[in-house]
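Per-entry structural report
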Amino acid sequence: MKRLFLTIATVAALLSGAASAATLSSEIKSIDTKLQTLTLTDGKVYQLARGVSVNKLKIGDKISISYDQSGTKLVVTKIEKIK
């Protein structure tokens, strides 16, 4: 029983550290609708999560994004244009 509990606790710890959420504000450097990616002025490339649209955005727009980091991927979960 101890062994089972230890295994479950280890798996839970690993999964909880698998992704981390963050937010930032920046300016759009480029948009690739085919690859569903967004490059910001910080030079980082962000993958768009399913359901996140950039159709109304253009290069130079100031935006605020929420994203998760999973491994080396930065995945945008929410995007808003800053006025």
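Let me sum up the structure you'll find in this document. This structure is a prediction, so every number in the text was calculated from the model and none was measured.

Some points on the overall build of the protein
When you go through the protein residue by residue, the secondary structure sums to one helix and five strands. Sequence-ordered secondary structure for the protein, helices as α and strands as β, is α-β-β-β-β-β. Contacts in the protein between residues at least 24 apart in sequence constitute 47% of all its contacts with a sequence separation of at least 6. In the structure as shown, the protein presents an accessible area of about 6200 Å², 58% of it carried by carbon and sulfur atoms.

As for the pattern of salt bridges
Any two side chains of opposite charge can pair, given that their charged atoms come close. Under the counting rule described, the total for this entry stands at three salt bridges. For Lys-81, the salt bridge identified is with Asp-61, shortest N-O distance 3.7 Å. Separated by 20 residues along the polypeptide, Lys-81 in strand β5 (residues 73-81) and Asp-61 in the loop between β3 (45-48) and β4 (62-70) bring together distant segments of the chain. In this structure Lys-81 comes out as partly exposed when scored by relative accessible area, which is 45%. Judged by its relative accessible area of 6%, Asp-61 falls in the buried class. Between Lys-78 and Glu-80 there is a salt bridge, with the nearest N and O atoms lying 3.5 Å from each other. Judged by its relative accessible area of 45%, Lys-78 falls in the partly exposed class. The partly exposed category is assigned to Glu-80, whose relative accessible area is 42%. Here the residues in one salt-bridge network are Lys-58, Asp-61 and Lys-81, joined through shared partners.

A short note on the pairing of β4
As paired elements, β4 and β5 share eight bridges and run antiparallel to each other. In the strand pairing of β5, Tyr-67 is matched with Val-76. What sits between β4 and β5 in their antiparallel hairpin is a turn of two residues, with Gly-71 showing a positive phi close to 70°.

Reading the values: rules and limits
Residues numbered from 1 in each chain as written. Predicted model: local features only at pLDDT ≥ 70, side-chain atom pairs only at ≥ 80, totals over all residues. Heavy atoms only, no water. Helix = DSSP H or I, 4+ residues; strand = E, 2+ residues; numbered from the N terminus. Contact = heavy atoms within 4.5 Å. Areas by Shrake-Rupley, 256 points an atom, 1.4 Å probe, with all protein chains shown as cover. Salt bridge = Lys/Arg side-chain N within 4 Å of Asp/Glu carboxyl O. Buried < 20%, exposed > 50% of the residue type's maximum accessible area, 1.4 Å probe, protein only. Pairing = 2+ DSSP bridges.

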